[in-house]
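Spelled out, the chains give:
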Amino acid sequence: MRARPVLEAYPQAKALLTQGIWLVCMDEKTSIQARQGQEPPRPAEVDRPQLREARYNRRGALNLFAALSVGDGKVCGTFRDRKRFVDFQSAIQQMIIPEALARSVHTVELILDNGTTHAPKQLEQWLQHLPEARQGKLTFHVMWLPTNASWLDQIEIWFSILQRQRLQPNHFESLQALEQVIADFIVYYNQEAKAIKWTYTIEKLEKKLEERKRQQAESTYELIQAKKDQEASEKQQNLAAA
């Protein structure tokens, strides 16, 4: 079960960091739109909700590649015009490797979902051939999340915080203004960053899986029983017709 190693690692992230093992959740928030409303948002007042202009002009879109340090909650990010594997590679080289070297860790544990941008078949091999890996400065490991389980990735929680606190309402005069707002928010967030209090445990996951198995078994039983009832009914009808 792919989720088990990740859920086991989360509570140990802070201790692992002191041992030189850096646990990092990484993903991208794609196609962040810069929309300039024809009128700026009007602040909410007493008995008067906030006004958001329905009509707007598009000023472009960008892709944010970001990583969250599970042990201390700090975030780093970089921007790209596109979301290809080469962009993901560039993000690792630009932010993950320098940060790992600055932290003086020897191992980077990357937690990733199965998005096509990450190119699972190519990524692990590419990581082992990085100069820092060949020189023995860093060792890279990848923990792949189960399919359709991005919600287990802690960076998604931070993306939600970013969305609520800085990207709504979406009113930016330019793509550069949008990028600056996100970059400033990362600096602001890191000033008081704390490790996310993760409460979803292996026990909760196993309970959920057992419940799903039970529901599937009940559904299968009901289908079989319905088929038997239908066959019995058809048999009775045939006998009556005879």
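Residues numbered from 1 in each chain as written. Predicted model: local features only at pLDDT ≥ 70, side-chain atom pairs only at ≥ 80, totals over all residues. Heavy atoms only, no water.

Draft legend 1. Summary view of the nonpolar core. Counting 39 residues, the largest nonpolar core has Tyr10, Leu23, Leu64, Ile111, Trp158, Leu178 and Ile182 as the members making the most contacts within it. Taken together, the elements giving at least two residues each to this core come down to α1 (3-9), β1 (21-37), β2 (56-69), β3 (75-80), α6 (155-166), α7 (175-191) and α8 (202-241). At 6 residues, the largest contribution of residues to this core is made by α7. The residues touching Tyr10, leaving out its near neighbours within four places in the chain, are Leu23, Cys25, Val70, Ile111, Leu152, Asp153, Gln154 and Trp198. Listed in part, the 28 residues of the second largest apolar core include Ile97, Leu123, Leu127 and Val142. (Core = buried A, V, L, I, M, F, W, Y, C linked by side-chain atoms within 4.5 Å. Buried < 20%, exposed > 50% of the residue type's maximum accessible area, 1.4 Å probe, protein only. Helix = DSSP H or I, 4+ residues; strand = E, 2+ residues; numbered from the N terminus. Contact = heavy atoms within 4.5 Å.)

Draft legend 2. Looking closely at unusual backbone geometry. Not every positive phi belongs to a glycine, and Ala119 is a case in point at roughly 45°. Mapped onto the elements of the fold, Ala119 is located in the loop between β4 (107-112) and α4 (120-128). In this structure Ala119 comes out as buried when scored by relative accessible area, which is 12%. Phi at Asn148 takes a positive value of approximately 60°, unusual for a residue other than glycine. Inspection of the secondary structure puts Asn148 in the loop between β5 (139-144) and α6.

Draft legend 3. Expanded view of the packing of aromatic side chains. Tallied over the entire structure, the rule returns 8 aromatic pairs. When the centroid spacing of 5.9 Å and the interplanar angle of 35° are considered together, the rings of Trp158 and Phe185 count as tilted. Of the two residues, Trp158 is situated in helix α6 and Phe185 in helix α7; the sequence distance between them amounts to 27 residues. We classify Phe185 as buried; its relative accessible area is 1%. Where Trp158 meets Tyr189, the ring centres are 6.1 Å apart and the plane angle is 80°; that geometry is what we call edge-to-face. Linking Trp158 in helix α6 with Tyr189 in helix α7, this pair joins segments that are 31 residues apart in sequence. (Phe/Tyr/Trp six-rings, centres within 6.5 Å; stacked < 30°, edge-to-face > 60°.)

Draft legend 4. Region of interest: the side chain of Thr78. Mapped onto the elements of the fold, Thr78 is located in strand β3. Relative accessible area serves as the criterion here: at 4%, Thr78 is assigned to the buried category. Polar side-chain contacts of Thr78 include one of 3.0 Å to the side chain of Arg80. Those residues in contact with Thr78, other than ones at most four positions away along the chain, are Asn63, Leu64, Phe65, Ala91, Gln94 and Met95. (Polar contact = N/O pair within 3.5 Å; in protein donor to acceptor, adjacent residues only side chain to side chain.)

Draft legend 5. View of the packing of helix α3 (residues 85-103) against α4. In the contact formed by α3 and α4, the axes pass within 12 Å of each other and the chain directions differ by 35°. The interaxial crossing formed by α3 with α4 has right-handed handedness. Residues Phe85, Phe88, Gln89, Ile92 and Gln93 of α3 form the contact with α4, whose participating residues are Gln122, Leu123, Trp126 and Leu127. (Axes fitted to C-alpha atoms, helices over the stretch in contact; angles between N-to-C directions. Left-handed = near helix turned anticlockwise from the far one by under 90°.)

Distances and angles like these do not, on their own, reveal function.
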